[in-house]
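Coordinate inspection notes
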Amino acid sequence: MNQTALRNNLVVLSGNSNPGLFKEICSYLKIAEGKASVERFPEGEIRVQIQQNIRGRDVFIVQSTCTPPNERLMELLILVDAARRASASRVTAVLPFFGYARQDRKDKPRVPITAKLVANLIAVSGADRVLTMDLHAGQIQGFFDIPVDHLYSINVLGDYFRKKRLKNLVVVSPDVGGLKMARAYSKYLNASLAIVDKRRESERETHVMNIIGEVKDRNVLLVDDLISTGGSLVEAAKALKKEGALDVYAAVVHPVLAGSAVEKVSQSVIRELVVTNTIPIPPGKQSPKIRVLSVAKLLAEAILRIHSNESVSSLFAQSGVEA
Ligand code: R5P
């Protein structure tokens, strides 16, 4: 598709979750940033206006449901509603980070399944499709009754570690739930695989029970979908060192970094934590131990392919993951 046709048909808008990533995506696509104001009424209700004509356009709304998650989710829902009512031909909700995903099953009596609830809300608000990245669990795609394109950042994070050429590397999942992701990284990096058997004592506390696999005298790459309090990662790293691991690195897609997570990581035995920019890290929360890699190009490529009805899974050819 030529650049003029692209500019005429494709509109990318955003809420307030991640202005840096939004700018980078538009710049990669070489299109103007879509204009929408997302403000507040005096009492706090969200007030949205799309400030350009989007009739008959293919609209993508980029919004991570990161901190503060309820605000960001509501901004997304209202933006989708506004786009639908402004006669967009198709609306795609682009969630680089899909929050509320950890409550994805009834694992205790009388608890909700928020991942399903949020999926319903997005569809009911008027989204035709969803584009997202590294869901907490792949099966969350099935919670949507609209098409979902699920991207993986393994090419970005994995490539960074490929270039480091770490010797005698073992990829470690900090819990059993992350095994599929760790297996993909171990294939990608041609490394062995181990698992931490973690018990979660509370929302803020985890306890390592066992390490399954060989870690002694090996460099370690811990991989996870998100870091919230940092407890899982820091405890796992400590236990791995105790078992004789050499340097411990970590690759985590979504830097939620709640509370004192940054301090915890900075004071931990982790040598380097590499994350993506699906969630922005505020200036006060940066640390020399935390490196941020951009997924803007990956998201922009997927937007282009969806816009021109091309295959999105071909973005992952040879990465060892199934899109
Ligand atoms: C759990 O299943 C997730 O994949 C992460 O391991 C977890 O949510 C990280 O939380 P925290 O950083 O608070 O330990």
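Thresholds applied
- Residues numbered from 1 in each chain as written.
- Predicted model: local features only at pLDDT ≥ 70, side-chain atom pairs only at ≥ 80, totals over all residues.
- Heavy atoms only, no water.
- Salt bridge = Lys/Arg side-chain N within 4 Å of Asp/Glu carboxyl O.
- Helix = DSSP H or I, 4+ residues; strand = E, 2+ residues; numbered from the N terminus.
- Buried < 20%, exposed > 50% of the residue type's maximum accessible area, 1.4 Å probe, protein only.
- Axes fitted to C-alpha atoms, helices over the stretch in contact; angles between N-to-C directions.
- Parallel < 35°, antiparallel > 145°, perpendicular 65-115°, else oblique.
- Left-handed = near helix turned anticlockwise from the far one by under 90°.
- Contact = heavy atoms within 4.5 Å.
- Near = heavy atom within 4 Å.
- Polar contact = N/O pair within 3.5 Å; in protein donor to acceptor, adjacent residues only side chain to side chain.
- Areas by Shrake-Rupley, 256 points an atom, 1.4 Å probe, with all protein chains shown as cover.
- Nonpolar A, V, L, I, M, F, W, Y, C, P; charged D, E, K, R; others polar.
- Core = buried A, V, L, I, M, F, W, Y, C linked by side-chain atoms within 4.5 Å.
- Pairing = 2+ DSSP bridges.
- Arc of directions from axis to C-beta.

We now examine the pattern of salt bridges. Counting across every chain of the model gives 15 salt bridges. Note that Glu75 and Arg40 form a salt bridge whose closest N and O atoms lie 2.7 Å from each other. Pair noted here: Glu75 is in helix H3 (residues 69-85) and Arg40 is in strand E2 (residues 36-40), with a separation of 35 residues, a long-range link. With relative accessibility at 0%, the residue Glu75 sits in the buried group. Among the charged side chains, a network of salt bridges with common partners joins Arg40, Glu71, Arg72 and Glu75.

Okay, the packing of helix H5 (residues 154-164) against helix H6 (residues 179-188) next. H6 packs onto H5 with a crossing angle of 45 degrees between their chain directions and a minimal axis gap of 10 Å. It follows that H5 is oblique to H6 by the angle criterion. For the crossing formed where H5 meets H6, the hand is right-handed. Facing Ile154, Asn155, Leu157, Gly158, Asp159 and Arg162 of H5, the residues of H6 in contact are Ala184, Tyr185 and Tyr188.

Okay, the site of the ligand next. Lining the immediate environment of the ligand, one finds 14 residues, of which Asp224, Asp225, Thr229, Gly230 and Ser232 sit closest. Between an oxygen atom of the ligand and a side-chain N or O atom of Asp175, the distance comes to 3.5 Å. One of the backbone nitrogen or oxygen atoms of Ser228 is found 2.8 Å away from an oxygen atom of the ligand. Surface burial for the ligand is 90%, taken as the share of its 380 Å² of free accessible area covered by protein chains. Contributing elements (two or more residues each) for the shell around the ligand: strand E9 (192-200), strand E11 (219-227) and helix H7 (231-242). In terms of residue class, the shell around the ligand is made up of 2 nonpolar, 6 polar and 6 charged.

This paragraph deals with the nonpolar core. By size, the foremost hydrophobic cluster in this structure holds 47 residues, and its most contacted members are Val12, Ile25, Leu151, Tyr185, Leu189, Leu221 and Leu299. For this core, the element with the most residues is helix H9 (residues 296-307), which contributes 7 residues. Among all residues touching Val12, those that are not within four sequence positions of it are Phe22, Cys26, Leu29, Ile31, Glu33, Gly34, Phe60 and Val62. In terms of nonpolar packing, the next biggest core, distinct from the first, is built from 34 residues, Leu73, Leu77, Ala83 and Val148 among them.

It is worth spelling out the environment of Ser192 at this point. For Ser192, the position within the fold is in strand E9. Judged by its relative accessible area of 27%, Ser192 falls in the partly exposed class. A sequence separation of 166 residues divides Ser192 from Cys26, and the C-alpha atoms of the two residues are 38 Å apart. In this view, Ser192 contacts Leu169, Val170, Val171, Ser186 and Arg218; residues no more than four positions away in its chain are not counted.

Taken in spatial order, the 5 strands of this open sheet run E1-E4-E5-E6-E7, and their pairing is parallel. The sheet is open, and its two edges are formed by strand E1 (10-14) and strand E7 (148-151), each paired on a single side. Taken over all neighbouring pairs, the strand axes of this sheet differ in orientation by 20 degrees on average, direction set aside. Both E1 and strand E4 (residues 58-62) contribute to a ladder of 5 bridges, which runs parallel.

Moving on, we come to helix H2 (residues 19-29). Taken residue by residue, H2 has Leu21, Phe22, Ile25, Cys26 and Leu29 as its buried positions. Summarising the axial view, the buried residues of H2 lie within an arc of 135 degrees, below the 170-degree limit, and thus occupy one face.

Burial along strand E3 (residues 46-50) is one-sided: the residues Ile46, Val48 and Ile50 are buried and none of Arg47 and Gln49 is. Of the strand pairs in this sheet, E2 and E3 are connected by 5 bridges, and their pairing is antiparallel. Looking across to E3, one finds that Ala36 is bridged to Ile50. Here E2 hands over to E3 after 5 residues, with Gly44 in that stretch at a positive phi of 115 degrees.

Of all 5 residues that make up E1, 5 are buried, and the element is covered over most of its length. Alternating residues of E1 divide into Leu10, Val12 and Ser14 and Val11 and Leu13, and every residue in both groups is buried.

Among all positions of H6, only Met181, Ala182, Ala184, Tyr185, Ser186 and Tyr188 are buried. Of the surrounding secondary structure, the elements contacted by the buried residues of H6 are H5, strand E8 (169-173), E9, E11 and strand E12 (248-255). Downstream of H6 by a residue or two, Asn190 has a phi angle that is positive, lying close to 55 degrees.

Mapped onto the secondary structure, Lys163 falls in helix H5. The exposure class of Lys163 is exposed, given its relative accessible area of 69%. For Lys163 and Leu189, which are 26 residues apart along the polypeptide, the C-alpha to C-alpha distance reads 9.9 Å.

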